[in-house]
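Chain by chain, the residues:
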Amino acid sequence: MTELSRAFDNVADAYDAARPRYPDGMYDALSEISGVTLSGARVVDVGAGTGILTRGLQDRGARVLAIDPGAEMLTRLRSRSPRSEGTAAALRADGNALPLHGDVADLVVYGQSWHWLDPVASIAEARRVLRPGGAIAGCWNFTDARQSGWLAEYENRLARECPGYWGQALEEWTVPPMATAFDLAEERWVPWTRMIGIEDFLLDLRSHSYMAVLPGEAADELVGRRRAELAAAFPEGLLAVPMHTYLAVGR
Ligand SMILES: C[S@@+](CC[C@H](N)C(=O)[O-])C[C@H]1O[C@@H](n2cnc3c(N)ncnc32)[C@H](O)[C@@H]1O
């Protein structure tokens, strides 16, 4: 666990309120590629955060154990995911050393989180807790700036103004290399559109780790500049953001 990974605790409310949910097509692809029916499946959600993926899996009938080292993130998860039949249990723990016996899970999943973990230890741990025939999956929501001029310009400005920016405006940007952790992995991209108000879009911006480590005043000023540009371009206040969700599934 790194200090940077703990930065999420500082932006837990923004994260919970404004980060996108995963599209239906991602859950369909996860089930299709892994061969695991989500309804009734035992799933370990590593780096569960405030529970965005946890709740998506629960909504589809999975029994989810959520793991995260971030106390603030897990507090949101627990308050938003009440425990009852078929809903989430949550443990504060490191995904590189899962506090679980072997052979207990049908799926181990990482929603926007695997890149925070040790690439070797995390997969070894996932394999240890999986039952035979189980699968490991990572998914990430990304905006798709190739589809829209305003979004490409928005990302370029972030790259110029935000020292820790990591995203598609950088030539060296790639998806997290999770598929390389497996001999045979299947990858899928699921395109979709997110309709979102400007203020929620800016709240989402604040929840990124590269914003969370900026001094407060610098973050406020950067968000203010983006607000002014977006309001000028979209006076009705609503954005149609092209998205694509990356899914990697391996064993
Ligand atoms: C970007 S958030 C993802 C939250 C959620 N899974 C989602 O789908 O939006 C990344 C999460 O990974 C967690 N994390 C960082 N290092 C971790 C580790 N070593 N083990 C487990 N989780 C970790 C952070 O605390 C944070 O909650």
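Quick note: structure is the one above.
Residues numbered from 1 in each chain as written. Predicted model: local features only at pLDDT ≥ 70, side-chain atom pairs only at ≥ 80, totals over all residues. Heavy atoms only, no water.

Engineer: Looking at this structure, how should I read the site of the ligand?
Structural biologist: Around the ligand, a shell composed of 22 residues is seen, among which Tyr-15, Tyr-22, Gly-47, Asp-68 and Gly-111 lie nearest. Between the ligand and the protein, one listed contact pairs a nitrogen atom with a backbone N or O atom of Gly-47 at 2.7 Å. Protein chains shield 98% of the accessible area of the ligand, which is 600 Å² for the free molecule. In terms of residue class, the shell around the ligand is made up of 12 nonpolar, 8 polar and 2 charged. (Near = heavy atom within 4 Å. Polar contact = N/O pair within 3.5 Å; in protein donor to acceptor, adjacent residues only side chain to side chain. Areas by Shrake-Rupley, 256 points an atom, 1.4 Å probe, with all protein chains shown as cover. Nonpolar A, V, L, I, M, F, W, Y, C, P; charged D, E, K, R; others polar.)

Engineer: Even after reading the chapter, I still don't get the pattern of salt bridges, so can you show me in this structure?
Structural biologist: One side chain can pair with another of opposite charge once the charged atoms of both are near each other. Under the defined criterion, the tally for this structure stands at 21 salt bridges. For Arg-80, the salt bridge identified is with Asp-16, shortest N-O distance 3.1 Å. With Arg-80 in helix 5 (residues 71–80) and Asp-16 in helix 2 (residues 12–18), this residue pair connects regions lying 64 residues apart in the sequence. Judged by relative accessible area, Asp-16 falls into the buried class, the value being 9%. A salt bridge links Glu-153 to Arg-157; the nearest nitrogen and oxygen atoms lie 3.5 Å apart. Placement of both Glu-153 and Arg-157 in helix 7 (residues 149–161) is noted, with a separation of 4 residues, approximately one turn of the helix. Take Glu-153: its relative accessible area is 30%, and that puts it in the partly exposed class. If you follow the salt bridges from partner to partner, you end up with Glu-153, Arg-157, Arg-160, Glu-161, Arg-225, Arg-226 and Glu-229 in one network. (Salt bridge = Lys/Arg side-chain N within 4 Å of Asp/Glu carboxyl O. Helix = DSSP H or I, 4+ residues; strand = E, 2+ residues; numbered from the N terminus. Buried < 20%, exposed > 50% of the residue type's maximum accessible area, 1.4 Å probe, protein only.)

Engineer: Would you take a moment to explain the nonpolar core for this structure?
Structural biologist: General note: in soluble globular proteins, nonpolar side chains tend to be found buried as a group. Among the nonpolar cores identified, the biggest contains 28 residues, and Met-26, Leu-30, Val-43, Leu-53, Leu-57, Leu-107 and Leu-247 are the most heavily contacted of them. Residue contributions to this core peak at 5 residues, all from helix 3 (residues 24–34). Those residues in contact with Val-43 that lie beyond four places of it in its chain are Leu-57, Ala-62, Arg-63, Val-64, Leu-65, Leu-107 and Val-109. Counting residues in hydrophobic clusters, the runner-up holds 25 residues, among them Ile-123, Leu-130, Trp-140 and Ala-179. (Core = buried A, V, L, I, M, F, W, Y, C linked by side-chain atoms within 4.5 Å. Contact = heavy atoms within 4.5 Å.)

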